[in-house]
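As a plain string of letters, each chain reads:
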Amino acid sequence: MKLTVVGCSGSFPSADSACSSYLVEADGFRLLLDMGNGALGELQRHCGLYDLDAIFLSHLHADHCIDMLGYFVARYYRHDGGRCEPIPVYGPEGTESRLTTAYADVPSEKSMSEVFDFHTLKPGHFEIGPFAIRTEKVEHPVEAYGIRLEHGGRTLTYSGDTGVCDALHDLAEDADLFLCEASFTHGKEDIPALHLNGREAGSHAARARARSLVLTHIPPWTDGLRNLADAREVFDGPAELARPGAVYEI
């Protein structure tokens, strides 16, 4: 698998990064994990606008899904006059209505489904293209999912947005790369069931025996280097901060 960080800023874009979006490729198949603020523009640095094969939306907060509105425009009003065939979109219950409401002026209530083939996420196992997928609900104020992808004997886990939870440990168990949010600062914010800090992300990685850790979804007002140092205090494997354009071969 090849993982490319399209955007990794949390809550809102930073001066250097779009919000959460991660491109995973294997066997010529392209799966996008989330499409937050600014991600659609950055995505075009890494693949063609119409080259995605499927999209996974971890939850429906704007910093993880709002650029789907721009992508709707690109697919519905394609410049060559041919509307795109529906692309599979995996998201929490209500994804279609959420995007339709956010767009506010779609041609009809079913216009989104003309270019997006919506699939409702539930905890469990299924396949997307060449990937064996497991999803579990994680701890967040809205319905949110973490995802585990397996291909060719290798494993990538993406936390989405979450507080401390056993489901995240299960998804990350023995993962080759654990892409984990670290929005909060240890000793500063302490809000259960919302986000992780760097130390908590490191603890999850250590408990799950993940082979490497990449911290992501760090808001512009959070010191990423401090979060990384906190993670390294409890996780002794390779650990680093996500950065836009970074590529990982898994």
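Residues numbered from 1 in each chain as written. Predicted model: local features only at pLDDT ≥ 70, side-chain atom pairs only at ≥ 80, totals over all residues. Heavy atoms only, no water.

## Concerning the pairing of strand β8 (residues 131–137)
When a strand is regular, its side chains alternate between the sheet's two faces. Sheet topology note: the strand β7 (residues 124–128)/β8 ladder contains 5 bridges and is antiparallel. What sits directly across from His-125, in β8, is Arg-134. In the sheet, β8 pairs with strand β9 (residues 145–151) via 6 bridges, with the strands oriented antiparallel. Directly across from Arg-134, in β9, lies its bridge partner Arg-148. (Pairing = 2+ DSSP bridges. Helix = DSSP H or I, 4+ residues; strand = E, 2+ residues; numbered from the N terminus.)

## Quick notes on the packing of aromatic side chains
Under the criterion given, the structure shown has 9 aromatic pairs. Here Tyr-22 and Tyr-158 contribute two aromatic rings whose centre-to-centre distance is 5.0 Å and whose plane-to-plane angle is 55°, an arrangement assigned as tilted. Of this pair, Tyr-22 sits in strand β2 (residues 21–26) while Tyr-158 is found in strand β10 (residues 154–158), placing the two residues 136 residues apart along the sequence. Of the two residues, Tyr-22 and Tyr-158, neither departs from the other in class, the shared state being buried. Pairing Phe-72 with Tyr-103 gives two aromatic rings, centres 5.2 Å apart and planes at 75°, and the pair type is edge-to-face. Here the residue Phe-72 occupies a position in helix α3 (residues 68–76), and Tyr-103 occupies one in helix α4 (residues 95–103), the gap between them amounting to 31 residues. When its relative accessible area of 0% is taken as the criterion, Phe-72 is described as buried. In textbook terms, an aromatic cluster arises when at least three aromatic residues are bridged by ring pairs, as seen for Phe-72, Tyr-76, Tyr-77 and Tyr-103. (Phe/Tyr/Trp six-rings, centres within 6.5 Å; stacked < 30°, edge-to-face > 60°. Buried < 20%, exposed > 50% of the residue type's maximum accessible area, 1.4 Å probe, protein only.)

## What about the nonpolar core?
The biggest cluster of nonpolar side chains holds 29 residues, and the ones touching the most others in it are Leu-3, Leu-31, Leu-33, Phe-131, Leu-149 and Leu-156. Of all the secondary structure elements, the ones that give two or more residues to this core are β1 (2–7), β2, β3 (29–33), β4 (54–56), β8, β9, β10 and β11 (177–181). Residues contacting Leu-33, with those up to four places away along its chain left out, are Ser-21, Tyr-22, Val-24, Phe-56, Ile-147, Leu-149 and Tyr-158. Of all hydrophobic cores here, the second largest spans 26 residues; its members include Leu-43, Cys-65, Met-68 and Leu-69. (Core = buried A, V, L, I, M, F, W, Y, C linked by side-chain atoms within 4.5 Å. Contact = heavy atoms within 4.5 Å.)

## So, the pattern of salt bridges
By the definition in use, this model includes 14 salt bridges. With its nearest N and O atoms 3.0 Å apart, the salt bridge here joins Glu-136 to Arg-134. Judged by relative accessible area, Arg-134 falls into the partly exposed class, the value being 21%. Each of Arg-154, Asp-176 and Arg-211 takes part in salt bridges that share partners, so that together they form one network. (Salt bridge = Lys/Arg side-chain N within 4 Å of Asp/Glu carboxyl O.)

## Considerations on the sheet that holds strand β14 (residues 247–249)
What links the strands of a sheet is backbone hydrogen bonding, and the strands pair in either a parallel or an antiparallel sense. Pairing is mixed across the open sheet formed by 7 strands, whose spatial order is β6-β5-β4-β3-β2-β1-β14. Of all strands in the sheet, those with a lone pairing partner are β6 (116–120) and β14, marking the two edges. Sheet twist, expressed as the mean angle between neighbouring strand axes with direction ignored, is 20°. Relative to β6, strand β5 (residues 87–91) runs parallel, the two being bridged by 5 bridges. (Axes fitted to C-alpha atoms, helices over the stretch in contact; angles between N-to-C directions.)

## Quick word on the sheet that holds β7
Spatially, the 7 strands line up as an open sheet ordered β7-β8-β9-β10-β11-β12-β13, and their pairing is mixed. Strand pairing shows two members of the sheet lacking a second neighbour, β7 and β13 (239–241), which therefore form its edges. Strand-to-strand twist in this sheet, taken as the mean axis angle between neighbours without regard to direction, amounts to 20°. Examined bridge by bridge, β9 and β10 share 5 bridges and lie antiparallel to one another. By the bridge assignment, Arg-148 is partnered in β10 with Thr-157.

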